[in-house]
Amino acid sequence: MNQEKEVPSKPNKKGKSSLLRKLLKWSGYLFIGFVLLIASLILALRTPAVQQWITNKATQYVSELTGAECSIDRLYLTFSGNLWLEGVFLSDLNGDTLFYCSSLETGLRIRPLFDREIRVRKFDWRGLEANVVTDSLGVNNFDFLIEAFSGEESESPEDDPSQPFDVFLPEVSFSDIKFSVSDRQSGMDMDLSLKRLLLSPLQLSTLFKSIDQESISISGLKVNMLLYDAAGQLEDSVPPTNETEVEGLTVFPNLSLGQFSLDDLSFNLIDRRLDSELAVKVDRHLISKLLFSPEESSSGLPKIAIGEVLTEGLIVHFAEASTLADDLVSMAGHRAGNRKDFFY
């Protein structure tokens, strides 16, 4: 009787290929689902309802954390992917305006972050108002922000060996800036207004060791200062010694500036302590090829090199009066006393 020999079964290649096809198929579904999820999030962020919800949550968080009023009129993403803010308002604890931004458009490139580079696509700030008040005890009206956002210091590891980021800024534009300071502790009030500040594209090298700036343009700068007897002077305060100041110079980076232009400058100073007043007006001031290096030269001072300096329409007015009216507000009128005018 012939016995049939059992033939060993061969591996099922068809079953393996079917399993592979299923894995590839499900991987494709997962990838497509991930892409659709990201696209849906991007589209959702562009809808007014989602943007308003994010705005309300952000302002509510700041208000509850600080106890101050915070509001944002509008927040949305532009078609180019930039962030646009309108009507950003923050008050101090007394309800007065601490900070207000009319509009801000900025954007950040994502891919360069993997190469340890921060590249800002756009920075356009229009309408800025800030008011700083310091009472006679040295308490600032913005101290509550520092206390609210400064949590307990956690023990951090020692110096991070990773290399810092390089920063690349586009053309930076500020316009319609108003800044006021009332410091009763030191006895100084200041009002500053600026029509426009324009910075050319800027690269800040690693650790900010050098700054290479092509041009800086300032127009419509007006500064009014009033000095008076301080409510409380710190008698124990000692000015920094020359040694400290010299050592501090070494922390400044190397600076290379192609051109600095200043148009329509107005500076007014009233010193009630010395019964004097100073007014300076400049139509145009231009500096080209400015180089600054904190490295000490043979004289022991930093190295400074300037190519050309041009000044047009310079008027300097200085007066020493025996008395100044208490309601003195501006420097427009002439006062009794010794007066010196310089025209250029």
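Residues numbered from 1 in each chain as written. Predicted model: local features only at pLDDT ≥ 70, side-chain atom pairs only at ≥ 80, totals over all residues. Heavy atoms only, no water.

Check the secondary structure of the protein and you find 4 helices and 13 strands. Sorting the 344 residues of the protein into buried and exposed places 30% on the buried side. Counting only carbon and sulfur atoms, one obtains 59% of the accessible surface of the protein, whose full area is about 24,300 Å². (Helix = DSSP H or I, 4+ residues; strand = E, 2+ residues; numbered from the N terminus. Buried < 20%, exposed > 50% of the residue type's maximum accessible area, 1.4 Å probe, protein only. Areas by Shrake-Rupley, 256 points an atom, 1.4 Å probe, with all protein chains shown as cover.)

Right, let's talk about unusual backbone geometry for a bit. At Asp176, a residue that is not glycine, the phi angle is positive and equals roughly 55°. Looking at where Asp176 falls in the secondary structure, it is placed in strand S6 (residues 172–183). Owing to a relative accessible area of 52%, Asp176 belongs among the exposed residues under this scheme. In this model, Asp275 sits at a positive phi of 50°, which is unusual for a non-glycine residue. Relative to the helices and strands, Asp275 is located in the loop between strand S10 (254–271) and strand S11 (276–296). With relative accessibility at 23%, the residue Asp275 sits in the partly exposed group.

Scanning the model with the defined rule gives 4 aromatic pairs in all. Between Phe99 and Trp125, the ring centres sit 6.1 Å apart and the planes meet at 80°, which makes this aromatic pair edge-to-face. Of this pair, Phe99 sits in strand S3 (residues 97–108) while Trp125 sits in strand S4 (residues 117–134), placing them 26 residues apart in sequence. On the basis of relative accessible area, Phe99 is assigned to the partly exposed category, the value being 25%. Between Phe123 and Trp125 the ring centres are 6.2 Å apart and the planes differ by 55°, which places this aromatic pair in the tilted class. With relative accessibility at 21%, the residue Phe123 sits in the partly exposed group. By relative accessible area, Trp125 is classed as buried at 16%. One aromatic cluster in this structure is built from Phe99, Phe123, Trp125 and Phe174. Positioned above the aromatic ring of Phe168 is the side chain of Arg119, whose terminal nitrogen or guanidinium carbon lies 3.8 Å from the ring centre. (Phe/Tyr/Trp six-rings, centres within 6.5 Å; stacked < 30°, edge-to-face > 60°. Lys NZ or Arg CZ within 6 Å of the ring centre and 35° of its normal.)

On to helix H2 (residues 48–66), then. Counted at 1.5 Å a residue, the expected span for H2 with its 19 residues is 27 Å, and the 27 Å between its end C-alpha atoms agrees. For H2, the full list of buried residues reads Gln51, Thr55, Thr59, Val62 and Thr66. Angularly, the buried residues of H2 cover 60° about the axis, an arc narrow enough to put them on a single face. For H2, exposure combined with an orientation more than 90 degrees from the buried face picks out Ala49, Trp53, Tyr61 and Glu64. (Expected span 1.5 Å × (residues − 1). Arc of directions from axis to C-beta.)

The next subject is the pattern of salt bridges. Any two side chains of opposite charge can pair if their charged atoms end up close together. Under the counting rule described, the total for this entry stands at 7 salt bridges. Put simply, Asp124 and Arg126 hold a salt bridge, and the shortest N to O gap is 3.1 Å. Using a relative accessible area of 45% as the deciding quantity, one classes Arg126 as partly exposed. (Salt bridge = Lys/Arg side-chain N within 4 Å of Asp/Glu carboxyl O.)

Of all hydrophobic cores here, the largest spans 31 residues; its most connected members are Ile218 and Leu221. Within the residue set of this core, elements represented by two or more residues are strand S2 (83–91), S3, S4, S6, strand S7 (188–199), strand S9 (210–227), S10 and S11. Here Ile218 is in contact with Leu194, Arg196, Leu197, Phe260, Ser261, Leu262 and Asp263, once residues within four sequence places are set aside. If you look at the next biggest cluster of nonpolar residues, it comprises 7 residues, including Leu90, Leu98, Phe144 and Leu145. (Core = buried A, V, L, I, M, F, W, Y, C linked by side-chain atoms within 4.5 Å. Contact = heavy atoms within 4.5 Å.)

On to the side chain of Thr66. Along the chain, Thr66 falls in helix H2. For Thr66, the side chain forms a polar contact with the main-chain oxygen of Val62, separated by 2.7 Å. Within polar-contact distance, the side chain of Thr66 engages the backbone nitrogen of Ala68 at 3.3 Å. Contact partners of Thr66, with chain neighbours within four places excluded, come to Leu93, Phe144, Leu145, Ala148 and Phe149. (Polar contact = N/O pair within 3.5 Å; in protein donor to acceptor, adjacent residues only side chain to side chain.)

Glancing now at the side chain of Ser173. Relative to the helices and strands, Ser173 is located in strand S6. Apart from residues lying up to four places away in sequence, Ser173 is in contact with Phe123, Asp124, Trp125, Arg196, Leu197 and Leu198.

For the rest of this paragraph, the subject is the environment of Leu286. Within the secondary structure, Leu286 is located in strand S11. Among the residues examined, Leu286 registers a relative accessible area of 17% and is labelled buried. In this structure, the C-alpha to C-alpha distance between Leu286 and Leu262, residues 24 residues apart in sequence, is 6.4 Å. Discounting residues that sit within four places of it in the chain, Leu286 has contacts with Gln259, Phe260, Ser261, Glu308, Val309 and Leu310.

This next bit is on the environment of Asp96. Take Asp96: it is sitting in the loop between S2 and S3. Measuring from C-alpha to C-alpha, the distance between Asp96 and Glu69 comes to 9.4 Å, with 27 residues separating the pair along the chain.

Bringing the confidence of the model for the protein into the picture now. Summarising the model, the protein shows a mean pLDDT of 78, and 73% of its residues fall at 70 or more. Element-level pLDDT for the protein is lowest in helix H4 (residues 242–249), with a mean of 42, against a maximum mean of 95 in S7. Within the model, the stretch residues 152–159 combines pLDDT values under 50 with 0 contacts to residues more than four positions away or in other chains. The low-confidence segment residues 234–250 (pLDDT under 50) makes 6 contacts with residues lying over four places distant or belonging to another chain. (pLDDT = per-residue confidence, 0-100.)

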